[in-house]
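Observations on the three-dimensional arrangement
The chain contents come next:
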Amino acid sequence: MNTLINVGVARLEVGSNPAVLRTILGSCVGICIYDRIKKIGGLAHILLPNWVKDGVKEKYADTAVPLLIAQLLKMGCTREFMSAKIAGGASMFKFQSNMALGQIGQRNVEMSRQALQEKGIPIVAEDVGGNVGRVIDFFLEDGRMKVKAAGEEKLYYKV
Amino acid sequence: MHISIKERLDSIISNLDQLPSIPDVVGKVINMVNDPNVDFKSVAQEISRDQAITTNLLKLCNSAYFSKGKEITSLDRAIVTLGIKEVKDAIMVVATKAVLNRAILGYDLAKGMLWEHDLAVAVLAKNIAMMKKDRANADIAFTGGIIHDVGKTVLAIFVQNVFKDILARVESGGVSFQQAEREIMGYDHQEVGERILAKWKFPEVLKYIVRYHHEPEQAPKEARKIVSYVHVANSICLMAGIGIGSDGLYHELSERAITLLGVTDEELNQLYSDVPEVLKHVQGLS
Ligand SMILES: [Fe+2]
Ligand SMILES: [Fe+2]
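Structural notes, computed from the coordinates. (Residues numbered from 1 in each chain as written. Chains lettered and ligands numbered in written order. Predicted model: local features only at pLDDT ≥ 70, side-chain atom pairs only at ≥ 80, totals over all residues. Heavy atoms only, no water.)

**Here we look at the overall build of chain A**
Selection rule: Helix and strand definitions here come from DSSP, where helices need a minimum of 4 consecutive H or I residues and strands a minimum of 2 consecutive E residues; each element is numbered from the N-terminal end. Radius of gyration: over C-alpha atoms. The globule rule applied is 2.2 Å multiplied by the number of residues raised to the 0.38 power. Three exposure classes are used, based on accessible area relative to the maximum for each residue type with a 1.4 Å probe and protein chains only: buried under 20%, partly exposed in between, and exposed over 50%. The contact rule is simple, with two residues in contact once any of their heavy atoms fall within 4.5 Å.
Summing up its helical and strand segments, chain A has two helices and 10 strands in all. Listed by position from the N terminus, the elements making up chain A come as β-β-β-β-β-α-β-α-β-β-β-β. Relative to its length of 159 residues, chain A is compact, with a C-alpha radius of gyration of 15 Å against a globular reference of 15 Å. C-alpha extents for chain A along the principal axes are approximately 45 × 40 × 25 Å. Put simply, chain A has 159 residues, and 52% of those count as buried. A sequence separation of at least 24 residues applies to 62% of the contacts in chain A between residues at least 6 apart.

So, in structure tokens, the structure goes:
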């Protein structure tokens, strides 16, 4: 039996094989990082792109990514064996284009990509954008990510 | 349009027995509290007739969200200490839990997700009303938040059958999810919810919240503001993924509602950013 760990909004969790990390996303982005040798990984559920003063680091893409990597390194992971998958970043179906909140999903995706790139972690799969809610399961036995959205499931195996 | 589904829904909503029930005391209390000349003693008396509600209500009045520090051991104390509107909100939480805290299959909501969503929307809608210094309506925003999606509990089983058709309609027609529900099944979850509230004998303003929470600009003028609190709170919770289901974000975020409330871009971002704090309050309620 796999141990299921629910990752809440603006939370970050790490685990190892055979744990499964699950989170539910709207405009937020789930950032999954996996070390394919150690079979250890972590998931950050970010709400916003950029850290603001006094904010918790887990809530923002630009601070959650370094935090997640640091935790994985502490667990014995090696940066060169790490890869990332991201999911989420949806937006409301209809909104006035000048409304900043409407762009949050897209900006979350862009900042997640940028933060990962800055740390040299390749993104091997993305399931982002659109107007769907997503339930993602990140399986630490092999690093696959299952995305359930609009009644359908997709699997991303690449690590 | 699936005529057979529409006909079954016609029969369900015209037959009160087939709609969900809540304890009678709730409808009575809500209407009593709505009356500005309400007598506190008679409200306490009315509540006390339902022993189960009373027990759970007192427990909730002592929870982190409602408590004012002092322990509350009687209905009279609850009304004096918290105020009658707060007590009414607490009754709503206690009385609707059985209806709302369940799996909502067609919308892909596991047990507890709709309940968490409803409580989060309630807390947030109340916060927005308070932020806009509309204290007088804050409790109604809370109550409306709790029940805004109650129609989903009845519609879910039908959505499950025609989900693909609804989604296809959304994508080809560019219409939002609840409009596609209407086009495919004859009713959307707002309309079904309004019928449920009619069965419960709830006041008009709550029916408007349920009926128009995705299209607040359609609400009667006198209720538009209060509907908008719930609309904005609902949109923010869905964006944060709280209770997001198979209908996803296929809904409109109404600019007119935001303008009507006078919520700035910055305030909107802050409300969204503070969702984790709202969830902490929700934990004290569920
Ligand atoms: Fe709704
Ligand atoms: Fe909702």
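Back to the text.
**Re the sheet that holds strand 6 (residues 82–88) of chain A**
Pairing between the strands of a sheet comes from backbone hydrogen bonds, and it takes one of two forms, parallel or antiparallel. Residues and elements named next belong to chain A. The line we're drawing: By this definition, two strands are paired if DSSP reports at least two bridges between them. For every element, the axis is a line fit to its C-alpha atoms; helices are fit only across the contacting stretch, and the angle between N-to-C directions ranges from 0 to 180 degrees.
Taken in spatial order, the five strands line up as 2-5-4-6-7 in an open sheet, and their pairing is mixed. Taken across any chain shown, the strands that pair with only one partner, and hence form the sheet edges, are strand 2 (12–16) and strand 7 (123–128). Across the sheet, the axes of successive neighbouring strands diverge by a mean angle of 15°, strand direction being ignored. The pairing of strand 6 with strand 7 spans five bridges and is parallel.

**Observations concerning the packing of aromatic side chains**
In plain terms, the rule: Working definition: a ring pair exists when centres of Phe, Tyr or Trp rings (six-membered ring for Trp) sit within 6.5 Å. Plane angles under 30 degrees give stacked, over 60 give edge-to-face, the rest tilted. Over a ring means this: the NZ of a Lys or the CZ of an Arg is within 6 Å of the ring centre and within 35 degrees of the ring normal.
Counting across every chain of the model gives nine aromatic pairs over all chains. For the pair F66 of chain B and F142 of chain B, a centre-to-centre distance of 6.2 Å together with 70° between the ring planes defines the contact as edge-to-face. Highlighted residues: F66 of chain B in the loop between helix 4 (51–61) and helix 5 (75–82) and F142 of chain B in helix 8 (residues 135–147), separated in sequence by 76 residues. There is no split in this pair, since F66 of chain B and F142 of chain B are both buried. An aromatic cluster is present here, built from Y65, F66 and F142 of chain B joined pairwise through their rings. Above the plane of the ring of F139 of chain A lies R144 of chain A, whose end atom (NZ or CZ) is 3.8 Å from the centre. When the ring centre of F142 of chain B is taken as reference, the NZ or CZ atom of K126 of chain B above it lies at 5.7 Å.

**A look at the coordination of the iron ion (ligand 1)**
For a metal with four tetrahedral donors the ideal donor-metal-donor angle is 109.5 degrees, whereas six octahedral donors ideally subtend 90 or 180 degrees. Residues and elements named next belong to chain B. What counts, and what does not: The donor set covers N, O and S atoms within 2.8 Å of the metal, switching to 3.2 Å for Na, K and Ca, and it leaves out water, so a site may look short of donors. Any site counts as irregular unless it has four donors with all angles between 85 and 135 degrees, making it tetrahedral, or four or six donors with opposite ones more than 155 degrees apart and the rest between 65 and 115, making it square planar or octahedral.
Looking at the metal site, the iron ion (ligand 1) is ligated by D149 (OD), H189 (NE2), H213 (NE2) and H214 (NE2), spaced 2.2 Å from it. The coordination sphere of the iron ion (ligand 1) comprises four donor atoms, whose angles at the metal cover 87 to 176°; the geometry is irregular. We note that the donor set of the iron ion (ligand 1) lies within a single chain, spaced as D-x39-H-x23-H-H. In this structure the iron ion (ligand 2) is found 3.9 Å away from the iron ion (ligand 1), and D149 serves as a bridging donor for the pair.

**Some points on the sheet that holds strand 10 (residues 152–156) of chain A**
All names here are of chain A. In space, the five strands of this open sheet follow the order 1-3-8-9-10, with mixed pairing throughout. Strand pairing shows two members of the sheet lacking a second neighbour, strand 1 (4–6) and strand 10, which therefore form its edges. Pairs of neighbouring strands in the sheet enclose a mean axial angle of 20°, with direction left out of account. The pairing of strand 9 (residues 145–149) with strand 10 spans five bridges and is antiparallel. Of the residues in strand 10, the one forming a bridge with K148 is E153.

**Some points on the nonpolar core**
Put simply, the rule reads: We define the nonpolar core as a collection of buried residues of types Ala, Val, Leu, Ile, Met, Phe, Trp, Tyr and Cys that are connected through side-chain atoms lying within 4.5 Å of one another.
One finds M185, F202 and Y272 of chain B to be the most contacted residues of the largest nonpolar core, which totals 143 residues. If one sorts the elements of this core by residue count, helix 7 (residues 113–131) of chain B sits on top with 12 residues. Apart from the residues within four sequence positions on either side, M185 of chain B is in contact with M1, I5, K6, L9, L155, F158, V159, V162 and I166 of chain B. V29, I33, C77 and A115 of chain A belong to the second largest nonpolar core, which has 22 residues in total.

**Side note on the coordination of the iron ion (ligand 2)**
Residue and element names in this part refer to chain B. Protein coordination of the iron ion (ligand 2) is provided by H117 (NE2), H148 (NE2), D149 (OD) and N234 (OD1), with donor distances spanning 2.1 to 2.3 Å. Coordination at the iron ion (ligand 2) comes from four donor atoms whose angles at the metal span 81 to 178°, giving a geometry best classed as irregular. Every donor residue of the iron ion (ligand 2) comes from the same chain, spaced as H-x30-H-D-x84-N.

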